[in-house]
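The chain contents come next:
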Amino acid sequence: MTTSANGAFERTPLIAGNWKMNMDHVQAITLLQKLAWTLDDAKHDYARVEVAVFPPFTDLRGVQTLVAGDDLAIAYGGQDLSQFDSGAYTGDISGAFLAKLGCRYVLVGHSERRTVHGETDETLNAKVKAAYKHGLVPILCVGEGLEVRQAGTHVEHTLAQLRADVEGLTADQAAQLVVAYEPVWAIGTGEVAGPGDAQEMCAALRAELAALFGEESARATRLLYGGSVKAANAAAILAEQDVDGVLVGGASLDVAEFASIVRFESHAGA
Ligand SMILES: O=C[C@H](O)COP(=O)(O)O
């Protein structure tokens, strides 16, 4: 992530907290209120570093009410969406419903959706398109498992996921897209890819996006790293040129820890 001479970032960093299947609708309100208070106390500038949370679906109505009622600058989104608009799809959630709840973002293709729910690249491509159709910005998650990493084919593997999942997008859509590189072996394990690993993959993803959609579009696309991000390692990862933010799982449930990640500039180089 680079800054210009006036100190502004080339791309606005995004610090995203994926709560996964944690926090019921009552706990969600407490967590979000504490986060907002903590960031307010620290005089956080949301225009400089964007903050988003991804609560379970059942929490979203409460989150919407709190954000609107207290005029919070924290964005929020769903952890998944259906590739369909409406109909006989028991258990699924339409992007239209998320948009109506004020969601700005939606996660697509998190590794837990790919592995636990067997979501294929074909389905994920349809979900990415459904997100745009309903005015949501998809945060497309890509990344390799341990065996692929050990075989040394992680870059090809991850770029193949990207190509399949963004097929058919316009250059404008690709410019708005957020891609999160999440090596599966680093998720919830305490194993964190080094800043160099995150940069290697994010640079490769940006080059691939440039080849697919043109340089101008690829310069605008925000690329995140996810996998065991904590306050202690966030600043070094975020200092990398092509890393524009982080997707945080476990540490996003701890207000002090997550707020400290959001405030990464205050302890950069520490
Ligand atoms: O969506 C978040 C990622 O799965 C990372 O989770 P983690 O920070 O608990 O490793």
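Residues numbered from 1 in each chain as written. Predicted model: local features only at pLDDT ≥ 70, side-chain atom pairs only at ≥ 80, totals over all residues. Heavy atoms only, no water.

In this section: unusual backbone geometry. For Lys43, which is not a glycine, the phi torsion comes out positive at approximately 55°. Relative to the elements of secondary structure, Lys43 occurs in the loop between helix H1 (25-41) and strand E2 (50-54). The exposure class assigned to Lys43 is exposed, which follows from its relative accessible area of 71%. Notably, Ser228 is not glycine yet its phi reads approximately 55°, a positive angle. Structurally, Ser228 can be placed in the loop between strand E7 (222-226) and helix H11 (231-238). Given the relative accessible area of 10%, Ser228 is considered buried. (Helix = DSSP H or I, 4+ residues; strand = E, 2+ residues; numbered from the N terminus. Buried < 20%, exposed > 50% of the residue type's maximum accessible area, 1.4 Å probe, protein only.)

All right, on to the packing of helix H5 (residues 121-133) against helix H7 (residues 154-165) then. Look at H5 against H7: their axes get within 8 Å of each other, and the N-to-C directions meet at 50°. Of the possible angle classes, the one that applies to H5 and H7 is oblique. For the pair H5 and H7, the contacting residues are Asp121, Leu124, Asn125 and Val128 in the first and Gln161, Ala164 and Asp165 in the second. Among the residues making up the contact of H5 with H7, the classes are represented as three nonpolar, two polar and two charged. (Axes fitted to C-alpha atoms, helices over the stretch in contact; angles between N-to-C directions. Parallel < 35°, antiparallel > 145°, perpendicular 65-115°, else oblique. Contact = heavy atoms within 4.5 Å. Nonpolar A, V, L, I, M, F, W, Y, C, P; charged D, E, K, R; others polar.)

What follows is about the UniProt feature "active site" (unreviewed entry) in the chain. According to UniProt, the "active site" (unreviewed entry) feature falls on His110 and Glu182. In three dimensions, the annotated residues from a span of 73 residues occupy one location, with a maximal C-alpha spread of 8.3 Å. Mapped onto the elements of the fold, His110 is located in the loop between strand E4 (105-108) and helix H4 (111-116). Examined against the element boundaries, Glu182 turns out to sit in the loop between strand E6 (178-181) and helix H9 (195-213). Apart from the residues within four sequence positions on either side, Glu182 is in contact with His110, Cys141, Val142, Gly143, Glu144, Ile187, Gly226, Gly227 and Leu247. Here His110 takes part through its side chain, which lies 3.1 Å from a polar atom of the side chain of Glu182. (UniProt positions renumbered as here; feature names shortened; annotations may be inferred. Polar contact = N/O pair within 3.5 Å; in protein donor to acceptor, adjacent residues only side chain to side chain.)

What follows is about the side chain of Asn125. With respect to the helices and strands, Asn125 occurs in helix H5. Relative accessible area serves as the criterion here: at 10%, Asn125 is assigned to the buried category. When neighbours within four sequence positions are excluded, Asn125 is seen to be in contact with Ala164, Asp165, Val166 and Glu167.

Covered by surrounding structure in E4 are Tyr105 and Leu107 together with Val106 and Val108, the residues of both alternating faces. By the bridge criterion, two bridges tie strand E3 (residues 75-78) to E4 in an arrangement that is parallel. If you follow Gly78 over to E4, its bridge partner there is Val106. Handedness of the crossover joining E3 and E4 through helix H3 (residues 95-100): right-handed. (Pairing = 2+ DSSP bridges. Right-handed = clockwise from strand over helix to strand, strands pointing away.)

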